[in-house]
Amino acid sequence: MLYRFYNISTFLPKRADVSGKMPPHFKESANIPPFILVLKEKTLFLQKTFLKDYDTIVPVPISKKRWKERGYNQSELLADGIASILGIPVKKNVLVKRQDTETQTRKGNYERWINVKDAFVCADRVLLENKHVLLVDDVMTTGATIVACSDGLADVVGLRISVLTLALAKES
């Protein structure tokens, strides 16, 4: 089911401000649009080279509790920015986080996988049947969240999933 993986940071210039590391307070602040604008040029490059044959974009969802705390989902913001450039629709409620999970930040590899196991479910399988989906997340560390999302979509007939992340984090 997993088809391709892209990491935007590998296409960014190697300067301190856009080195692929998350900007300060990225998850804590809603002041994200300037960074999205920095990505516009790189997303246009990706569009010309890699991001061509997708039917829809699906952001990695966050729990209702986390949404209430933050007021936004950073993966949705990334998906919206990419969609505005590529002209591909975003389906924000087709993949749902069905349970609150603890933050992954201070967890080891094994704990990350256990933490998100069975956390995601597809809310509308028919909508994604025989589609090629670009699954968007902000950061990938161990891949546990991406695999858990893919597992949540496993019953969708004919689904192909490609993954795009903003950054790759070093495992702690």
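Keep in mind that what you see is a predicted model, and the values were worked out from it rather than measured.

### Observations regarding the overall build of the protein
Okay, so step 1: In terms of regular secondary structure, the protein is built from 6 helices and 6 strands.
Okay, so step 2: When its helices and strands are written in sequence order, the protein yields β-α-β-α-α-β-α-β-α-β-α-β.
Okay, so step 3: Counting only residues that meet the buried cut, the protein has 46% of its 172 residues in that class.
Okay, so step 4: Restricting the contact set of the protein to residue pairs at least 6 apart, pairs at least 24 apart contribute 81%.
Okay, so step 5: Accessible surface for the protein amounts to roughly 9300 Å². Of this, 52% is attributable to carbon and sulfur atoms.

### Digging into the pattern of salt bridges
Okay, so step 1: According to the stated counting rule, one finds 4 salt bridges in the structure shown.
Okay, so step 2: A salt bridge links Asp-80 to Lys-92; the nearest nitrogen and oxygen atoms lie 2.9 Å apart. Taken as a pair, Asp-80 in helix α3 (residues 74-86) and Lys-92 in the loop between α3 and β3 (95-97) lie far apart in primary sequence, 12 residues in all.
Okay, so step 3: What makes Lys-92 partly exposed here is its relative accessible area of 30%.

### Considerations on the confidence of the model for the protein
Atomic detail in the predicted coordinates should be set aside for any region of low pLDDT.
Okay, so step 1: Within the protein, residue pLDDT values average 76, and 64% of them lie at 70 or more.
Okay, so step 2: Across residues 11-32 the pLDDT falls below 50, and counting only partners more than four positions away or on other chains, this stretch makes 39 contacts in the model.

### Topic: the nonpolar core
Okay, so step 1: Residues Leu-95, Phe-120, Leu-128, Leu-135, Leu-153 and Leu-159 are the most contacted members of the largest nonpolar core, which totals 21 residues.
Okay, so step 2: At the level of elements, β4 (120-122), β5 (132-140), α6 (144-152) and β6 (160-168) are the ones that each hand at least two residues to this core.
Okay, so step 3: The element best represented in this core is α6, accounting for 4 residues.
Okay, so step 4: Judged by nonpolar contacts, the second largest core, of 12 residues, contains Tyr-54, Ile-57, Leu-134 and Val-136.

### A closer look at the side chain of Ser-162
Okay, so step 1: Locating Ser-162 in the fold gives a position in strand β6.
Okay, so step 2: You can call Ser-162 buried: its relative accessible area is 0%.
Okay, so step 3: In this structure the side chain of Ser-162 is engaged in a polar contact, spanning 3.5 Å, whose partner is the side chain of Tyr-54.
Okay, so step 4: A polar contact is formed between the side chain of Ser-162 and the side chain of His-132, at a distance of 2.8 Å.

### As for the environment of Val-126
Okay, so step 1: Inspection of the secondary structure assignment puts Val-126 in helix α5 (residues 125-128).
Okay, so step 2: Val-126 gets classed as exposed once you look at its relative accessible area, which sits at 61%.
Okay, so step 3: Each C-alpha atom of the pair Val-126 and Val-94 lies 10.0 Å from the other, and the pair is 32 residues apart in sequence.

Each value, and the rule that gives it
Residues numbered from 1 in each chain as written. Predicted model: local features only at pLDDT ≥ 70, side-chain atom pairs only at ≥ 80, totals over all residues. Heavy atoms only, no water. Helix = DSSP H or I, 4+ residues; strand = E, 2+ residues; numbered from the N terminus. Buried < 20%, exposed > 50% of the residue type's maximum accessible area, 1.4 Å probe, protein only. Contact = heavy atoms within 4.5 Å. Areas by Shrake-Rupley, 256 points an atom, 1.4 Å probe, with all protein chains shown as cover. Salt bridge = Lys/Arg side-chain N within 4 Å of Asp/Glu carboxyl O. pLDDT = per-residue confidence, 0-100. Core = buried A, V, L, I, M, F, W, Y, C linked by side-chain atoms within 4.5 Å. Polar contact = N/O pair within 3.5 Å; in protein donor to acceptor, adjacent residues only side chain to side chain.

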